[in-house]
Protein chains: 2
Amino acid sequence: MSSNDTPRLYFDDLRVGQRARTGEYRVSAEQIKAFAAEFDPQPFHLDETAARASVLGGLSASGWHTAAITMRLIVDSDFKLAAGVVGLGGEVNWLQPTRPGDVLHVESEVIELAPSRSRPDRGLVKIRNETRNERNELVQVLIAKLLVPRRVPQSGLPPSSSG
Amino acid sequence: MSSNDTPRLYFDDLRVGQRARTGEYRVSAEQIKAFAAEFDPQPFHLDETAARASVLGGLSASGWHTAAITMRLIVDSDFKLAAGVVGLGGEVNWLQPTRPGDVLHVESEVIELAPSRSRPDRGLVKIRNETRNERNELVQVLIAKLLVPRRVPQSGLPPSSSG
């Protein structure tokens, strides 16, 4: 959790190579089963016995559950973007399952900054987010594409009418 | 929902260009807020008034909620893979927000088939999944990478010891 007076970052405040780390999130068997019952009702996410016989070798969270927990950790972190975390999409890879009892955190790094060519008030930011468990094993990598506002130009010129 | 006797598809049963369509899923404001409260607690996913003032222009589902609903639609569909839907990752793009009252469905197409070089018992399948609303507008595109088992070789040879 961050305090309300954490400064919010604009596109112009970000630098390639900038890093951040979230807090932690403990995942229980009950949470794994509840998410799966709603969004991914497959035996290896719902039932320990069926999961042991599956390709995953034991109860494990839906990849989309790991992704959703990753989002929660990022939203709760001190790395506050000016308009919030507004994602356009991304590339996600699951490298190993999230298991009951795992304690996840996310390590993030800004890897690309591209000012919008058509909209001078915003930019596109790519952030590599590594979700790791308590053994520091890489569980998921998410390359997220975010929309981040630019600071209002500080000159005395009137705002551009091109929007 | 599919019946239990829907045939399950192996890697060898799939063809590039093969298409499938899921059932439908209606998204309520209550579901949008509940998912957001757990995984993406930002004002534009939690509160109508705050959402109207935001870049999204109104209450909208977390992109990860749209992704999770997409997964549920795929798991419930008649397109049944032999070991279930085992995702290694994918590329997701959100093209417009999911709004309260939207009725989503998914249209899928097999776009790539690659037998595993190291494991003759499996293959990698890429499927393009278009999530559309009741106006047939494209809400999300997910290119999913799935692990799909191959049929056991039908020759009389003993199984390879290379696993």
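Being a predicted model, the structure only gives us computed values, none of them experimental.

Caption draft 1: Representation of the interface of chain A and chain B in the model. Each side of the interface is counted separately: chain A has 26 residues, and chain B has 26 residues. Broken down by secondary-structure element, the contributors of at least two residues to the side of chain A that touches chain B are α4 (63-76) and β3 (87-94) of chain A. Residue composition of the side of chain A that touches chain B, grouped by class: 15 nonpolar, 8 polar and 3 charged.

Caption draft 2: Structural view of the pairing of strand β4 (residues 103-115) of chain B. Residue and element names in this part refer to chain B. Here strand β1 (residues 19-21) runs beside β4; their pairing, made up of 3 bridges, is antiparallel. Directly across from Arg19, in β4, lies its bridge partner Glu109. Note: strand β2 (residues 25-26) against β4, 2 bridges, orientation antiparallel. Residue Tyr25 lies in a different strand from β4, and its bridge partner there is Leu104. When β4 meets strand β5 (residues 122-132), the two strands line up antiparallel, connected through 10 bridges. For Glu112, the partnering residue across the bridge sits in β5 and is Lys126. The loop that links β4 with its antiparallel partner β5 comprises 6 residues.

Caption draft 3: Broad picture of the environment of Ser62 of chain A. In this structure, Ser62 of chain A sits in the loop between α3 (48-52) and α4. The buried category is assigned to Ser62 of chain A, around which 28 C-beta atoms lie within 10 Å. Put simply, Ser62 of chain A and Glu38 of chain A are 24 residues apart on the chain and 11 Å apart in space, counted from C-alpha to C-alpha. Setting aside residues up to four positions removed in sequence, Ser62 of chain A forms contacts with Phe35, Ala36, Phe39, Asp40 and His45 of chain A together with Met71 of chain B.

Caption draft 4: Just the environment of Trp64 of chain A, in detail. Structurally, the position occupied by Trp64 of chain A is in helix α4. Sequence-distant contacts of Trp64 of chain A, that is, excluding residues within four places in its chain, are made with Phe39 and Asp40 of chain A together with Ala67, Ala68 and Met71 of chain B.

Caption draft 5: Highlighting the relation of the copies chain A and chain B. Mapping chain A onto chain B calls for a rotation angle of 180° and an axial translation of 0.0 Å; the resulting RMSD is 0.0 Å. Read as a symmetry element, the transformation amounts to a two-fold axis. Considering only C-alpha atoms, the residue of chain A closest to the rotation axis is Glu91 of chain A, which sits at 2.1 Å. Comparing interface residues between copies, 100% of those in chain A also sit at the interface in chain B, which points to an isologous, same-surface contact.

Caption draft 6: Looking closely at the environment of Lys126 of chain B. Residues and elements named next belong to chain B. Residue position: Lys126 is located in strand β5. Residues Lys126 and Pro100, spaced 26 residues apart in sequence, show a C-alpha to C-alpha distance of 30 Å. Dropping the residues within four chain positions of it, Lys126 is found in contact with Ile111, Glu112, Ile143 and Lys145.

Caption draft 7: Quick look at α4 of chain A. Here α4 of chain A spans 20 Å end to end across 14 residues, near enough to the 20 Å set by a 1.5 Å rise per residue. Extensive coverage of α4 of chain A is indicated by the burial of 13 of its 14 residues.

Caption draft 8: Structural context of helix α1 (residues 29-39) of chain A. Listing the buried residues of α1 of chain A in full gives Ile32, Phe35, Ala36 and Phe39 of chain A. For α1 of chain A, the angular spread of buried residues about the axis comes to 100°, placing them on one side. Turned more than 90 degrees off the buried face of α1 of chain A, the exposed positions are Glu30 and Ala37 of chain A. Buried residues along α1 of chain A sit in contact with α2 (43-46) and α4 of chain A together with α4 (63-76) of chain B.

Conventions we followed
- Residues numbered from 1 in each chain as written.
- Chains lettered and ligands numbered in written order.
- Predicted model: local features only at pLDDT ≥ 70, side-chain atom pairs only at ≥ 80, totals over all residues.
- Contact = placed C-beta atoms within 7 Å.
- Helix = DSSP H or I, 4+ residues; strand = E, 2+ residues; numbered from the N terminus.
- Nonpolar A, V, L, I, M, F, W, Y, C, P; charged D, E, K, R; others polar.
- Pairing = 2+ DSSP bridges.
- Buried ≥ 20, exposed ≤ 12 C-beta atoms within 10 Å, placed from the backbone.
- Least-squares fit on C-alpha atoms with pLDDT ≥ 70 in both.
- Expected span 1.5 Å × (residues − 1).
- Arc of directions from axis to C-beta.

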